[in-house]
Every structure is written in C-alpha cells, then in structure tokens.
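Report on the structure
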Amino acid sequence: MSRQIVIGDVHGHYETLMRLLEAIAPGSGDRINFLGDLVDRGPDSAKVLDLVMNEPSYTTIRGNHEEMMLASFTNGEINEQNLQYWLMAGGRQTIDSYHNPSDIYSHLDWLKTVPLYRDLGKVWLVHAGIDPRLPIEKQSAEQFCWIRDLFHRQRQPYFQDKLIVTGHTISFTFPGVQPGQLAKGIGWLDIDTGVYTLESGWLTALDVTYHRIYQANVWQETVRSHDWDDLIVEIDPKQVKPRRFAVK
C-alpha cells in the first residue's frame, strides 16, 4: 500500500531533512506532505524550498513563517515593517541561504499558490490548528497558521472522523512531553519536535498509513524509527497553560 507521510517544521535544515527522507525511503507511490515552516532559523531554506517545489510527490501547506516571508514582499516591493519583523523571527537565515538573491521571487510566486490546509481523508493537515468556535469557511491564515491556546485547550474534537495533524507549537512545550516526543490532544496531534532547538534537534515524519514515526536529529546526526505509541504523549487540555510568545 502506498504511504502518506507527514513531515513537521523543517526550518531550513536541509541536510537533516535528507537524512530523514533516506530513513523513510519513499517508494514511487508514496506521498510526502509537509506542514509548513519550511523556512527560517536553519541554514538552507532556499534548498528546502527548491526540493519541495520541484518534486511532484511532495506537497506542503503554508506555515506562519511562509506567511511572514510573503508579507515582506508585497506587489513585487519590499515591505520594510514586515521585513524587519520577519528577519527577527529567523528570516535573516533564509535571506542568507540564497546565493542569487533574485531567486527568492520564484519561491515567493510558488508560495502564493500553496494552500493553508489539506484533507487526506483520515487526517487533516494544518500548520497551527483551527479555531474550534468557527466553521472552516470562516477561518483564514490568522487561525490556520498562528493559533495556539484556543485550539490546544478544546474539550471535544473538531472533526469526528479525522485526526488534525499540526506543527507550529514545539511538542516539548506541552506539560509532560519530553524532547523528541509528540503531543496528542483531543482530536489533534502535534509533530513539531523542535528541529532547531538545542533541547531537541529532532525532525519528525509521521507515516499515517502504517503508524510509524521517523526522526532525524540535527545535533547528533542520527535517525530512528518507532511505532506511534512509543513517542506519542496524551495531553490533558486543562493543563495547557496560556502562551505568551507570538512567534515560533
């Protein structure tokens, strides 16, 4: 059976992504789905964008870091205010990853076409989450790319027949979750294990077809594979504390 693979926030870590893909060993019928935040913080965002953009079996959705990147260049011109905000949130590393600065515009054109969410049937992919109070058609990038507390603290699943798989919020910031583990709430599963953080360094891929987890580590240059149950930690929504940071 062809596999559906979901990969969490890469954040410009191309070499680690390549080691992760080697461990997954995707076949000709397999699909690789990224959760956004391909860019920023790591050293090779331009190479990550090139890879995902040009491989037909790869898809992605937009994350908040792609949103900041797009907002920095509006109508072909630089938006200085948005640019400064993006640079402070990791955009400087993305700019530095372009050997030819003009290449960024082809990536921006492509990112404009990238959807905010993707429905794979049993799983529903979105970067940050969903506002549980609103129907899908009433929501926008503000919710899909940025939401945290309201989504993570929901007491009933948004979908009765789909698991929402997200990135955006680093999993070990949830109570009781250790670096490298995944956080599972009511109706959602967060697979952003903090590839760029000193505490973790893990980049995670989820095989939703065979319930396997693949991980590659930036700092240790290691890879590993586990069953879902080995690394997924259940979260009590009542224990999720409000978060005060604006950007991850």
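Residues numbered from 1 in each chain as written. Predicted model: local features only at pLDDT ≥ 70, side-chain atom pairs only at ≥ 80, totals over all residues. Heavy atoms only, no water.

So, on to the pairing of strand E13 (residues 223-227). Every other side chain in a regular strand lies on the same face of the sheet, so the side chains alternate between the two faces. Pairing of strand E12 (residues 212-217) with E13, which is carried by five bridges, proceeds in the antiparallel orientation. Of the residues in E13, the one forming a bridge with Arg212 is Asp227. Linking E12 back to E13 in an antiparallel pair, the connection comprises five residues, with Glu221 at a positive phi of about 55°. (Pairing = 2+ DSSP bridges. Helix = DSSP H or I, 4+ residues; strand = E, 2+ residues; numbered from the N terminus.)

Bringing the sheet that holds E12 into the picture now. With respect to topology, six strands assemble into an open sheet ordered E3-E2-E1-E11-E12-E13, the strand pairing being mixed. Here the strands that pair on one side only, and so sit at the sheet edges, are strand E3 (58-60) and E13. With strand direction ignored, the average angle separating the axes of adjacent strands in the sheet is 20°. Where strand E1 (residues 4-7) lies against strand E11 (residues 202-207), three bridges are found, and the strand directions are antiparallel. Within E11, the position partnered with Ile5 by the bridge is Asp207. (Axes fitted to C-alpha atoms, helices over the stretch in contact; angles between N-to-C directions.)

Below, the discussion takes up the packing of aromatic side chains. For any pair of aromatic rings, the description rests on two quantities: the centre-to-centre distance and the angle between the ring planes. One pass over the structure, following the stated rule, counts 10 aromatic pairs. Arranged with centres 5.8 Å apart and planes meeting at 80°, the rings of Phe73 and Tyr105 form a pair that is edge-to-face. Placement of the pair is Phe73 in strand E4 (residues 73-74) and Tyr105 in helix H5 (residues 104-111), with a sequence separation of 32 residues. Overall, Phe73 belongs to the buried group, its relative accessible area being 10%. By relative accessible area, which is 35% here, Tyr105 ends up partly exposed. (Phe/Tyr/Trp six-rings, centres within 6.5 Å; stacked < 30°, edge-to-face > 60°. Buried < 20%, exposed > 50% of the residue type's maximum accessible area, 1.4 Å probe, protein only.)

Before going further, it helps to spend a moment on the sheet that holds strand E14 (residues 232-234). Within the open sheet, the six strands sit side by side as E6-E7-E8-E10-E9-E14. Their pairing is mixed. In this open sheet, the two edge strands, each paired with only one partner strand, are strand E6 (117-119) and E14. Within the sheet, the average angular offset between the axes of one strand and its neighbour, ignoring direction, is 20°.

Mapping Lys162 onto the fold places it in the loop between helix H7 (149-152) and strand E8 (163-166). Reaching out from Lys162, the side chain makes a polar contact with the side chain of Asp119 at a distance of 3.1 Å. Here Gly121 takes part through its backbone oxygen, which lies 2.9 Å from a polar atom of the side chain of Lys162. Discounting residues that sit within four places of it in the chain, Lys162 has contacts with Asp119, Gly121, Lys122, Trp124 and Gly187. (Polar contact = N/O pair within 3.5 Å; in protein donor to acceptor, adjacent residues only side chain to side chain. Contact = heavy atoms within 4.5 Å.)

Quick look at the side chain of His11 now. Positionally, His11 belongs in the loop between E1 and helix H1 (14-24). Side-chain polar atoms of His11 contact the backbone oxygen of Asp40, separated by 3.3 Å.

In terms of nonpolar packing, the biggest core is built from 38 residues, with Ile7, Leu17, Phe34, Leu38 and Met69 touching the most fellow members. Non-local contacts of Met69, meaning those with residues more than four positions away in its chain, are made with Val39, Leu49, Trp86, Thr94, Tyr98, Ile104, Leu108 and Leu111. Core analysis: the second largest hydrophobic core is formed by 17 residues, Ile130, Phe144, Ile164 and Val233 among them. (Core = buried A, V, L, I, M, F, W, Y, C linked by side-chain atoms within 4.5 Å.)

Before going further, it helps to spend a moment on the packing of H1 against helix H2 (residues 45-54). The contact between H1 and H2 brings their axes to 9 Å, and the two run at 40°. The angle between H1 and H2 falls in the class oblique. Two secondary-structure elements touch here, H1 through Tyr14, Glu15, Leu17, Met18 and Leu21 and H2 through Lys47, Val48 and Leu51. Residue composition of the contact of H1 with H2, grouped by class: six nonpolar, no polar and two charged. (Parallel < 35°, antiparallel > 145°, perpendicular 65-115°, else oblique. Nonpolar A, V, L, I, M, F, W, Y, C, P; charged D, E, K, R; others polar.)

Turning to unusual backbone geometry, a few remarks are in order. Of note, the phi angle at His168 is positive, near 75°, even though the residue is not glycine. Locating His168 in the fold gives a position in the loop between E8 and strand E9 (182-184). Residue classification places His168 among the buried residues on the basis of a relative accessible area of 0%. Despite not being glycine, Glu221 has its phi angle at roughly 55°, a positive value.

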